[in-house]
Amino acid sequence: PFIAVRAGWGSGKTSSLVFTLLAWSKKNPGKSSLLITDTAPRYRSVLGPEIEKWLQPLGWVYHQQDGKWIDTTNGHIVWTRSYFRPGTRDATHNPLEGLNITSGLALIDECQTLEEEVAQKALGRLRSGPTPKLIMVGLPVYDAWWVDLAERAGCAPIFYSSYVNQDNLSNAWFEATKNLPESERNAMIMNQPKPPQGVIYSEWTLSHVIDGWEYNPTYSGRIVIDFGFRKPSVLIIVHDPNLDLSLIHISEPTRQAE
């Protein structure tokens, strides 16, 4: 039910989504699918032109007012939506509400710019179709939520570097990318993302967890709040007076941040 793809620049993620829509429309005439990206400008600059390139010559027509593509050869509809929900609105007010996806397929592009909420709401739109199928693709970022979602469901994710599409990319471009910072090239070309550098606790991993430590409700604590409209955040800091701090390794960037 879940296909998660994490792949580098130029690996053919968007084209693959378009080819999937073509194959699915032929298999499900007269039904509907769902295509999601993060913003309307992204759709107009990336997904839209790719659909026009491959599917318009095959009889697909776009209805801009309704935000849908129709395969005129068999009546299959692909609803296109950008997923943006202001932080001032609750999750029931999202761009997918009201859609009835009868083919059971939803595709999410640019997952690295979205949060897992979009997958949860997309699954809600697939209830009228057969076995739901959710395809999620995104760039190589550390701790990719769509990869975790697929793994939790027992579905093996797909990982590709940019070299998977080497036949359609120039050697000069690959050579030019060698001038990128090593961490960025490893992530976006080789699909080897690492925790972000230069931010608070970027080096914190499971290896830093203290075995056997348990929270005590009597400990004093502080709450730090960031009132962001898109991503409001809360950080809870608890002081354990009995903890031997020499047991904790604090890396230099973290010490500077504190």
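What counts and what doesn't
- Residue positions are given per chain, counted from 1 along the sequence in the order it is written.
- Per-residue local features are limited, in this predicted model, to residues with pLDDT of at least 70; the limit for side-chain atom pairs, both in listing and counting, is 80 or more; totals at the level of whole chains, interfaces and linings are taken over all residues.
- Note that water and hydrogens are dropped before the side-chain values are worked out from all heavy atoms of the structure.
- A strand pair is defined by DSSP finding two or more bridges across the two strands.
- Secondary structure elements are defined from DSSP: runs of H or I of at least 4 residues count as helices, runs of E of at least 2 residues count as strands, and each element is numbered from the N terminus.
- In this analysis an axis means a line fitted to C-alpha atoms, helices contributing only their contacting stretch, and an angle means the value between N-to-C directions, from 0 to 180 degrees.
- In this description, contact between two residues means that some pair of their heavy atoms is separated by no more than 4.5 Å.
- The rule is simple: take the accessible area with a 1.4 Å probe, protein chains only, and divide by the maximum for that residue type; under 20% is buried, over 50% is exposed, in between is partly exposed.
- Counted as salt bridges are all cases of a side-chain nitrogen of Lys or Arg within 4 Å of a carboxyl oxygen of Asp or Glu.
- We call Phe, Tyr and Trp rings a pair once their centres come within 6.5 Å, taking the six-membered ring for Trp, and we label the pair stacked below 30 degrees between planes, edge-to-face above 60, and tilted otherwise.
- Definition used in this section: a nonpolar core is a set of buried Ala, Val, Leu, Ile, Met, Phe, Trp, Tyr and Cys residues joined via side-chain atoms within 4.5 Å.

Draft legend 1. Main features of the sheet that holds strand β1 (residues 2-7). The sheet built from eight strands is open, its strands ordered β3-β4-β5-β2-β6-β7-β1-β8 with mixed pairing. Two strands lie at the open edges of the sheet, namely β3 (60-63) and β8 (158-160), each paired on one side alone. On average, adjacent strands in this sheet sit at an angle of 15 degrees to one another, irrespective of strand direction. In the packing of helix α1 (residues 13-27) onto the sheet, the strands contacted are β1, β2 (32-37), β3, β4 (68-71), β5 (76-82), β6 (105-108) and β7 (133-138), and the crossing angle to β7 comes to about 165 degrees.

Draft legend 2. Structural context of unusual backbone geometry. A positive phi angle, close to 55 degrees, is found at Glu110, a residue other than glycine. Under the relative-accessibility criterion, Glu110 is labelled buried at 11%. With phi around 60 degrees, Asp143 is a residue other than glycine that occupies positive phi space. The residue Asp143 is located in the loop between β7 and α4 (145-152) in this model. We classify Asp143 as exposed; its relative accessible area is 56%.

Draft legend 3. Main features of the pairing of β2. With six of six residues buried, β2 lies mostly within the body of the structure. Of the strand pairs in this sheet, β2 and β5 are connected by six bridges, and their pairing is parallel. By the bridge assignment, Leu34 is partnered in β5 with Trp79. Two strands pair when backbone bridges link them, and β2 and β6 are joined in this way by three bridges, in the parallel orientation. Bridge assignment links Leu35 to a residue of β6, and that residue is Leu107.

Draft legend 4. Fine view of the pattern of salt bridges. Following the criterion strictly, the structure yields seven salt bridges and no others. Residues Asp71 and Lys26 are paired through a salt bridge, measuring 3.2 Å at the closest nitrogen-oxygen approach. Here Asp71, found in strand β4, pairs with Lys26, found in helix α1; they are 45 residues apart in sequence, far enough to count as distant. Here Asp71 falls in the buried class, since its relative accessible area comes to 0%. Its salt-bridge partner being Arg42, residue Asp38 comes within 2.7 Å of it at the nearest N-O pair. The class of Asp38 is buried, set by a relative accessible area of 8%. When salt bridges that share partners are traced, they join Asp38, Arg42 and Glu110 into one network.

Draft legend 5. Structural detail: the packing of aromatic side chains. Per the counting criterion, the structure on display carries seven aromatic pairs. An angle of 80 degrees between the planes, with centres 5.8 Å apart, marks the rings of Trp145 and Trp146 as edge-to-face. Considered together, Trp145 and Trp146 belong to a single accessibility category, that of buried residues. On the basis of an interplanar angle of 20 degrees and a centroid distance of 4.2 Å, the ring pair of Tyr163 and Phe174 is categorised as stacked. Of this pair, Tyr163 sits in the loop between β8 and α5 (171-177) while Phe174 is found in helix α5, placing the two residues 11 residues apart along the sequence. Exposure remark for Tyr163: the relative accessible area of 28% places this residue in the partly exposed category.

Draft legend 6. Molecular detail of α4. Burial in α4 covers these residues: Trp145, Trp146, Val147, Leu149 and Ala150. Looking at the buried residues of α4, the elements they touch are β1, α3 (117-124), β7 and β8.

Draft legend 7. Summary view of the nonpolar core. One finds Leu34, Ile36, Ile108, Leu134, Met136, Trp145 and Trp146 to be the most contacted residues of the largest nonpolar core, which totals 28 residues. Counting only elements with at least two residues in this core, the list comes to β1, β2, β5, β6, α3, β7 and α4. No other element matches the five residues that α4 contributes to this core. Setting aside anything within four residues of it in sequence, one finds Leu34 in contact with Trp79, Arg81, Leu96, Leu99, Ile101, Leu105, Ala106, Leu107 and Arg125. Leu17, Leu47, Ile51 and Val78 belong to the second-largest nonpolar core, a separate cluster that totals 18 residues.

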